[in-house]
Amino acid sequence: MAKQSKAGASSGACRFCGQSVIVEDGAEMTAPQLEEAATMLCGCDEAIKYQQEKNRRTVAKQRINELFGEDAGEYKQPETVREIMLNAVDAICDKKMKVATVTIRTGLRCRIMQMAKDKIKVVREIGDNNEFVQ
């Protein structure tokens, strides 16, 4: 096993500072994959900022899948609806929008918003509106 980790290691450069970083199991990676892996391992300020942003995006998308995906029970939504929500996460993370509300049906909404310190909040809103319109 030690041979595999040594033989499988490769080096890549951080896309921000150019520092060379050893990437374990990187022997099979393409140059862009090595650069991404090196950037995710680098400790320079820009790389850390990038890592945090990527982590926020990933966690927000996981929340979408937890709240509206396969294991969401009665709140499970079709792939096309989840795709809209995931695209909204990307737009918010890319600072193209601040809040997105997806109304799925009466009484069920998904709100995705940018909070302080660029945190992303994903909320499943369930409302029981008993309204009569004649």
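Here's a quick rundown of the structure.

What counts and what doesn't
- Residues numbered from 1 in each chain as written.
- Predicted model: local features only at pLDDT ≥ 70, side-chain atom pairs only at ≥ 80, totals over all residues.
- Heavy atoms only, no water.
- Axes fitted to C-alpha atoms, helices over the stretch in contact; angles between N-to-C directions.
- Helix = DSSP H or I, 4+ residues; strand = E, 2+ residues; numbered from the N terminus.
- Parallel < 35°, antiparallel > 145°, perpendicular 65-115°, else oblique.
- Left-handed = near helix turned anticlockwise from the far one by under 90°.
- Contact = heavy atoms within 4.5 Å.
- Pairing = 2+ DSSP bridges.
- Nonpolar A, V, L, I, M, F, W, Y, C, P; charged D, E, K, R; others polar.
- Salt bridge = Lys/Arg side-chain N within 4 Å of Asp/Glu carboxyl O.
- Buried < 20%, exposed > 50% of the residue type's maximum accessible area, 1.4 Å probe, protein only.

### Here we look at the packing of helix α3 (residues 45–68) against helix α4 (residues 79–93)
Where α3 meets α4, the closest approach of the two axes is 10 Å, and the angle between their N-to-C directions is 155 degrees. Between α3 and α4, the interaxial angle falls into the category roughly antiparallel. As for how α3 packs across α4, the hand of that crossing is right-handed. Contact residues: Glu53, Arg57, Ala60, Lys61, Ile64, Asn65 and Phe68 in α3; Arg82, Met85, Leu86, Val89, Asp90 and Cys93 in α4.

### Some remarks on the side chain of Gln77
Summarising the element assignment, Gln77 is placed in the loop between α3 and α4. When sequence neighbours within four positions are dropped, the list of residues in contact with Gln77 reads Phe68, Arg82, Met85, Ile104, Arg105 and Leu108.

### Thoughts on the pairing of strand β3 (residues 99–105)
Across 6 bridges, the pairing between β3 and strand β4 (residues 108–114) is antiparallel. Bridging across to β4, Thr103 finds its partner in Arg109. In sequence, β3 turns back onto β4 through a hairpin of 2 residues, with Gly107 there showing a positive phi of about 90 degrees.

### Examining the packing of helix α2 (residues 31–41) against α3
The N-to-C vectors of α2 and α3 enclose an angle of 100 degrees; their axes lie 8 Å apart at closest approach. Judged by the inter-axis angle, α2 sits roughly perpendicular to α3. Facing α2, whose interface residues are Glu36, Thr39, Met40 and Leu41, α3 presents Ala47, Tyr50, Gln51 and Lys54. In terms of residue class, the contact of α2 with α3 is built from 4 nonpolar, 2 polar and 2 charged.

### So, the sheet that holds strand β5 (residues 120–126)
Sheets are built from strands that pair by backbone hydrogen bonding, the pairs being arranged parallel or antiparallel. Pairing is antiparallel in the open sheet, where 3 strands are placed in the order β3-β4-β5. The open sheet has two free edges, formed respectively by β3 and β5, since each of these has just one partner strand. Pairwise comparison of adjacent strand axes, ignoring direction, gives a mean angle of 15 degrees for this sheet. Sheet strands in contact with α3 are β3, β4 and β5, and its direction is about 15 degrees off that of β5.

### Focus on the pattern of salt bridges
Summed over the entire model, instances satisfying the criterion amount to 14 salt bridges. Residues Arg57 and Glu53 are paired through a salt bridge, measuring 3.1 Å at the closest nitrogen-oxygen approach. In this pair, Arg57 and Glu53 are both assigned in helix α3, 4 residues apart and thus about one turn of the helix distant. Under the relative-accessibility criterion, Arg57 is labelled buried at 19%. As a salt-bridge pair, Glu79 and Arg82 come within 2.7 Å of each other at their nearest N and O atoms. Of this pair, Glu79 and Arg82 both sit in helix α4, 3 residues apart, which is roughly one turn of that helix. Three or more residues are tied together by salt bridges with common partners; here these are Glu53, Arg56, Arg57, Lys61, Asp90 and Asp94.

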